[in-house]
Amino acid sequence: MKLSVIFLLTAFCSYLPVSKNVDKPATKSTTVITDAEDKFPIPAESVGRLFYMQRTANTNTIIYELNAPGGKIDDENPLHVYWIRYAEKGQKEELSYIQRKFAYGVITKKLANDQFDVRFVSYKKFPLLLMKANDGKYHIFATVAQKQMMLNRLFVKIEGGSFWLPNVVYVELRGTDQNTGREIIERFKP
């Protein structure tokens, strides 16, 4: 069983954000490493990928992808969430029932104009919005420290603790300002 995100995502709203805004051109952000410990593989770009999550437990990566078979978004299940198991053979693998229902899965609710409210099952108080951006493509938007970003990556740094109560050092969000193309980085510290 993988380390549960239930406790990891509580850092989003349990603590006030410590802003670490870094305004850099988005083109330079794809390979920037924030910390020495953050040397994780960057998943290959895919047409439907919205964002990905990594954590210090291992290099396995959770991918959040648009679920649009035939080009039409699935209103009942607009996101497909799965692993890339880098720590094994780099294979794609579906989430287990427990991972999907209690840790890494999402709950979605259709809003007006092909927009969707998206919440992590492990922390429903942190809202995300799935909608079309200025580029005409769907993206996940997060508002953090009064800034809206197209979310690209979520990283959770853990040092010690236990299986059920890990010591979360920070949760970092990386995204792009759709108007300026600049990277936004926000960290939440417990």
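First, a word on what this report is: a plain description of the structure on this page. For clarity, every value in this text was computed on a predicted model and none was experimentally measured.

**Brief notes about the environment of Asn58**
Mapped onto the elements, Asn58 comes out in strand β4 (residues 58-66). Among the residues examined, Asn58 registers a relative accessible area of 22% and is labelled partly exposed. Not counting the four nearest positions on each side in its chain, Asn58 is found in contact with Phe40 and Ala87. Within polar-contact distance, the side chain of Asn58 engages the backbone nitrogen of Asn60 at 2.9 Å.

**Points about the packing of aromatic side chains**
Applying the stated rule across the entire model yields six aromatic pairs. With centroids separated by 5.3 Å and ring planes inclined at 65°, the aromatic side chains of Phe40 and Phe155 adopt a geometry described as edge-to-face. Linking Phe40 in the loop between α2 (26-29) and β3 (49-55) with Phe155 in strand β11 (residues 147-161), this pair joins segments that are 115 residues apart in sequence. Phe155 matches Phe40 in its accessibility class, with the two residues each being buried. Aromatic side chains Tyr64 and Phe120 sit 5.9 Å apart centroid to centroid with 90° between the ring planes, which places their arrangement in the edge-to-face category.

**Quick notes on the pattern of salt bridges**
All told, the structure shown has ten salt bridges when counted by the stated rule. A salt bridge links Arg85 to Glu88, with the shortest nitrogen-to-oxygen separation between them at 3.0 Å. Relative accessible area serves as the criterion here: at 43%, Glu88 is assigned to the partly exposed category. Taken together, the salt bridges that share partners define one network made up of Glu172, Arg174, Glu183 and Arg187.

Criteria and cut-off values
Residues numbered from 1 in each chain as written. Predicted model: local features only at pLDDT ≥ 70, side-chain atom pairs only at ≥ 80, totals over all residues. Heavy atoms only, no water. Helix = DSSP H or I, 4+ residues; strand = E, 2+ residues; numbered from the N terminus. Buried < 20%, exposed > 50% of the residue type's maximum accessible area, 1.4 Å probe, protein only. Contact = heavy atoms within 4.5 Å. Polar contact = N/O pair within 3.5 Å; in protein donor to acceptor, adjacent residues only side chain to side chain. Phe/Tyr/Trp six-rings, centres within 6.5 Å; stacked < 30°, edge-to-face > 60°. Salt bridge = Lys/Arg side-chain N within 4 Å of Asp/Glu carboxyl O.

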